[in-house]
Amino acid sequence: MLISIVIPVYREEKNLPKLYERLRAVTAALKDEWEFVFVNDGSPDGSMAALKALAAKDPRVKVLDFSKNFGKEIALTAGVHCSAGDAVICMDADLQHPPEIIPQLVAAWKRGAEVVTTIRLSVDGHSLARKTFSWLYYKIMGWFSGLEMVAHTTDFRLFDKKVVDVFNRMTERQRMFRGIIDWMGFKTEYVEFHAESREAGEAAYSYGKLWDLALSSITSFSLVPLKMTAYLGVAITTFSSLLLGWMMLAKVGLLPGIFTPLAMVVVANTILIGVVLMSLGVIALYIGTIHTEVTNRPLYIVRERVNVEPPARENRRRSSDFPNSLST
Ligand code: UDP
Ligand code: MG
């Protein structure tokens, strides 16, 4: 069996040699064949040079070099597109995903799991704010998307070829890798591990990026925000109609209260302005998503490939099956 390991790389110059050593040691102990697909996501540091050095030593190391930073989700996608394995394992380059549990992932796969998801038991080195954010994220996501979100699952996962083939047919642009996989279903098993803190460099996912990720995972998986605004609109309209009714009844003396008609109109108007603004905000979010989908730009642009010739999966299919990958 050939197993591909896909690793997105952004500013990981220092971690790469260590990561490769650990991967090599772990995979050497297993019978399967391996390929290591690194996607350099426009790192400004020496990551590409480090990858080329690894690729020169070991032909199993394949490298895609993006023309700029496209983000982790897209880097993962590109890596999965070009991997040829019977199973694909995705993991981070910063050693927070210990290669040592790969044998457990592979064992679960061989027992029949189609997706093997890891669960991070502790997050040494993450701030309290970050942990709170992550907790909140799972709460809100589960609520909004209606997908069953298992808390503390990570992007360190194994996918069977069946899953990969379905994944490769998805064309949406605003991607949330794990969200897409969760949405697809398939038989999933879980493997737990203890997180280590980041080896070198800084976490590249800023709060801003995490927020974007959370927003795009909401808009790409649910219409709940739209519905909520609609409910709110109904509630406020009902409320102001009742108020208007009361005002009119008070006017003819059937109910207590003295209202200036003008004051009432002003209050009602202010409420309505709020509703309109909120609806516009939500609608803009969706239109934004539609916009990025219809512009139909390639998901990523590859500047250079090392040890990837011919691109395995892309070659096996017609090019029209890959509407959103472009390479020079
Ligand atoms: N990464 C990437 N592109 C980016 C940001 C991050 O390819 O724009 C990679 C990074 O090199 C690492 C993984 O994604 O392999 C996770 O990044 P990070 O450790 O910064 O995220 P966190 O662990 O905090 O979720
Ligand atoms: Mg990390």
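Just above, that's the structure.
Description of the structure in this document. (Residues numbered from 1 in each chain as written. Chains lettered and ligands numbered in written order. Predicted model: local features only at pLDDT ≥ 70, side-chain atom pairs only at ≥ 80, totals over all residues. Heavy atoms only, no water.)

1. Things to note about the coordination of the magnesium ion (ligand 2)
Move 1: Coordination of the magnesium ion (ligand 2) by the protein is provided by Asp 94 (OD) and Gln 96 (OE1), with metal-donor distances spanning 1.9 to 2.0 Å. In terms of burial, Asp 94 and Gln 96 fall into one category: buried. (Donors = N, O, S within 2.8 Å, 3.2 Å for Na, K, Ca; no water. Buried < 20%, exposed > 50% of the residue type's maximum accessible area, 1.4 Å probe, protein only.)

2. A closer look at the pattern of salt bridges
Move 1: Per the stated rule, a full pass over the model turns up 11 salt bridges.
Move 2: One salt bridge connects Arg 22 with Glu 100, and the closest N-O pair in it is separated by 2.8 Å. Linking Arg 22 in helix α1 (residues 15–28) with Glu 100 in the loop between β4 (87–90) and α4 (102–110), this pair joins segments that are 78 residues apart in sequence.
Move 3: For Arg 22, a relative accessible area of 22% translates into the label partly exposed. (Salt bridge = Lys/Arg side-chain N within 4 Å of Asp/Glu carboxyl O. Helix = DSSP H or I, 4+ residues; strand = E, 2+ residues; numbered from the N terminus.)

3. Quick look at helix α2 (residues 47–57)
Move 1: Along α2, the positions that sit buried rather than exposed are Ser 47, Met 48, Ala 50, Leu 51, Leu 54 and Ala 55. The buried residues of α2 all sit within an arc of 160 degrees when viewed along its axis, so they share a single face. In α2, the exposed residues that point more than 90 degrees away from the buried face are Ala 49, Ala 56 and Lys 57. (Arc of directions from axis to C-beta.)

4. Concerning the packing of aromatic side chains
Move 1: For the structure on display, the rule yields 4 aromatic pairs.
Move 2: For the pair Phe 66 and Phe 70, a centre-to-centre distance of 5.2 Å together with 85 degrees between the ring planes defines the contact as edge-to-face.
Move 3: Residue classification places Phe 66 among the buried residues on the basis of a relative accessible area of 0%.
Move 4: Ring centres of Phe 66 and Tyr 300 lie 5.4 Å apart, and the angle between their planes is 15 degrees; on these two criteria the pair is classed as stacked. Of this pair, Phe 66 sits in strand β3 (residues 61–66) while Tyr 300 sits in strand β8 (residues 300–306), and the two are 234 residues apart along the sequence.
Move 5: Taken together, the ring pairs in this structure connect Phe 66, Phe 70 and Tyr 300 into an aromatic cluster.
Move 6: Sitting over the face of the ring of Phe 70, Lys 68 holds its NZ or CZ atom 4.8 Å from the ring centroid. (Phe/Tyr/Trp six-rings, centres within 6.5 Å; stacked < 30°, edge-to-face > 60°. Lys NZ or Arg CZ within 6 Å of the ring centre and 35° of its normal.)

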